[in-house]
Every structure is written in C-alpha cells, then in structure tokens.
Amino acid sequence: TSTRTPLMAGNWKMNLNHQEAIVLVQKLAATLVDKRHDPAKAEVVVLPPFTDLRSVQTVVDGDRLPLRYGAQDVSTHESGAYTGEISASMLAKLGCSYVVVGHSERREQHGETDEVVNAKARATLAASMTPIVCVGEGLDVRQAGEQVPYTMAQVEGSLAGLDAGQVAGLVVAYEPVWAIGTGEVATPDDAQEVCQAIRAQIRETHGDAAADGVRVLYGGSVKAANVGGIMAKPDVDGALVGGASLQHDEFGGICRFY
Ligand code: PEP
C-alpha cells in the first residue's frame, strides 16, 4: 500500500580498511546478482568508515553497481579550523548519498545531543544528501515502558525546523539501544509500535506528505533469519544493520527479504 522503496543500510562501524572494503563490496554485489536481487524491491546502501569511501566509490562507479553508499557521521560545520572533522560537501563530492546522524554510539560516546544531531541533519541536507537520523531508547527506558515518549522527544529535537519536503525525503532509524550488537532483536510488534508512533508524530508536525514519504527503519541485531517478520510490519520501511552487514552472504540475505 505504500510507495516507499525499502532501504537496507549496512553500518560497518569502525571495521575494514580500504582494501577489505573493496573485497566486501565486490562480494556483496556478486551475492546480490546470485540472489537475483531486484533494486526496485529494496535499495541497498553501505556505510563504511571515512577512509574507505574513495575505494568504495571506485568499485561502485567502475562496475556501475546498483548500490549506494554513505558516511557514518559528518561535521556540523562547513569548513575551517575543525581539526579531524569531515564536512558534508566533502562527502557529497565523493558520491555519498546518505549520512548517518545521531547513532546511539555517537550519542553515548561523544555526547551528541538532539541539537547536534539536528545540525548534522541540516548540514547533510544542505549538501543534497539524505540523513539517516537515529533514535531509540536504552534498556532502562524500555523497562519503564517509556520507549514511545522518549523516542518521540528525540525525533522532535532531531528534526526541529526542517520543512515538510525535507522530512519527506529523509530516513529515521529506530534503534533501541538494548538491541544493538546484543543479539537481542526487538519483536516485530515492538518495532512496529515505535515506528508507527514516529510516523504518526511526523504526520502531526510536518503533515501527510512528510509522514507518507519518510522512510522509518528498524535497527538492532537484524539478521537474514529475522528480517522477514520485521519487514512485514506496515510502518517499517527497512533496516539499519550493524554486525551482519560485514558478512556479504548475511547482508545479501537481509537485502533479499522480499
Ligand atoms: C547499528 O549499530 O546500527 C546496529 C543496528 O547494529 P547491530 O545490527 O550489530 O545490532
């Protein structure tokens, strides 16, 4: 019933050097051909470390692969005296289509607030790329039954001030922190509960076109064996995949969920 193309995004985190990245992208592409993947049924994206992007670009463009790629983070600044930072325009120049903003590891380990995440989403949009805005509660919040209001506050803060057209084109990833890298996947109903609430909130704040266009992903211990149940839910438009995205067969199986 929806016209949203499912999105399967592999977050490699701090894994694989540029030579290993070339091998994985080539193997993933071959796996997708083997499995007769139809790009109209799922868009496939890899999110390597910054140092791998040039190599990934060469493989993807050289072979004209039906794969897109993006970065795991971006600076809030455009250019200048920000040692160690990478700007959105640099990523766009390398052919990146997506940028992950506000991953829970950055929120936790680097103190990123919703305000910072919002600034990173704006920087990404200003460079004509698509932000993948990550939200989701920790175990304590889940145990208190507060996952919906907690996550809605993150969505509100992270998307603040964006217009309806911008929100319609972006991606929100619901990643309960207790399910990330733990092997403990949320049930399809758990994923649907919060993904549905995210879309309903966006409908209130940004209108129907934004709510119907925005793609809401689930992330947290997604594997080929559990992706089907999650993707069957009406408000889940794809998956953000960590660990399993480092294995070409496993990630290929996830992309071939349909
Ligand atoms: C992630 O870090 O975005 C993630 C979902 O990790 P994993 O799939 O390993 O739980």
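These figures come from a predicted structure and were not determined experimentally.

**Let's talk about the sheet that holds strand β5 (residues 130-135)**
With parallel pairing, the eight strands of this closed barrel are ordered in space as β1-β2-β3-β4-β5-β6-β7-β8. Geometrically, the sheet is characterised by an average inter-axis angle of 25 degrees between neighbouring strands, direction not taken into account. Pairing of strand β2 (residues 43-47) with strand β3 (residues 68-71), which is carried by two bridges, proceeds in the parallel orientation. Bridged to Val-45 within β3 is Arg-68. The strands touched by helix α7 (residues 147-158) within the sheet are β5 and β6 (171-174), with β5 carrying the most contacts at an inclination of about 150 degrees.

**Focus on the UniProt feature "active site" (unreviewed entry) in the protein**
The UniProt entry lists His-103 and Glu-175 under the feature "active site" (unreviewed entry), expressed in the numbering used here. Judged by maximum C-alpha separation, these annotated positions cover 73 residues in sequence but sit close together in space, the widest gap being only 8.5 Å. Summarising the element assignment, His-103 is placed in the loop between β4 (98-101) and α4 (104-109). Among all residues touching His-103, those that are not within four sequence positions of it are Gln-72 and Cys-134. By the secondary structure assignment, Glu-175 is in the loop between β6 and α9 (188-206).

Thresholds, definitions, all that
- Starting from 1, residues in each chain are numbered consecutively following that chain's sequence as written.
- For a predicted model such as this one, the threshold for reporting local features is a pLDDT of at least 70, and the threshold for listing and counting side-chain atom pairs is 80 or more; totals across whole chains, interfaces and linings nevertheless cover every residue.
- Two strands are counted as paired when DSSP detects at least two bridges linking them.
- Labels follow the DSSP assignment, with helices taken as runs of H or I lasting at least four residues and strands as runs of E lasting at least two, numbered in each case from the N terminus.
- In this analysis an axis means a line fitted to C-alpha atoms, helices contributing only their contacting stretch, and an angle means the value between N-to-C directions, from 0 to 180 degrees.
- Whether two residues are in contact depends on their C-beta atoms, placed from the backbone: they are in contact if these lie within 7 Å.
- UniProt positions are given in the numbering used here, feature names are shortened, and annotations may be inferred rather than shown by experiment.

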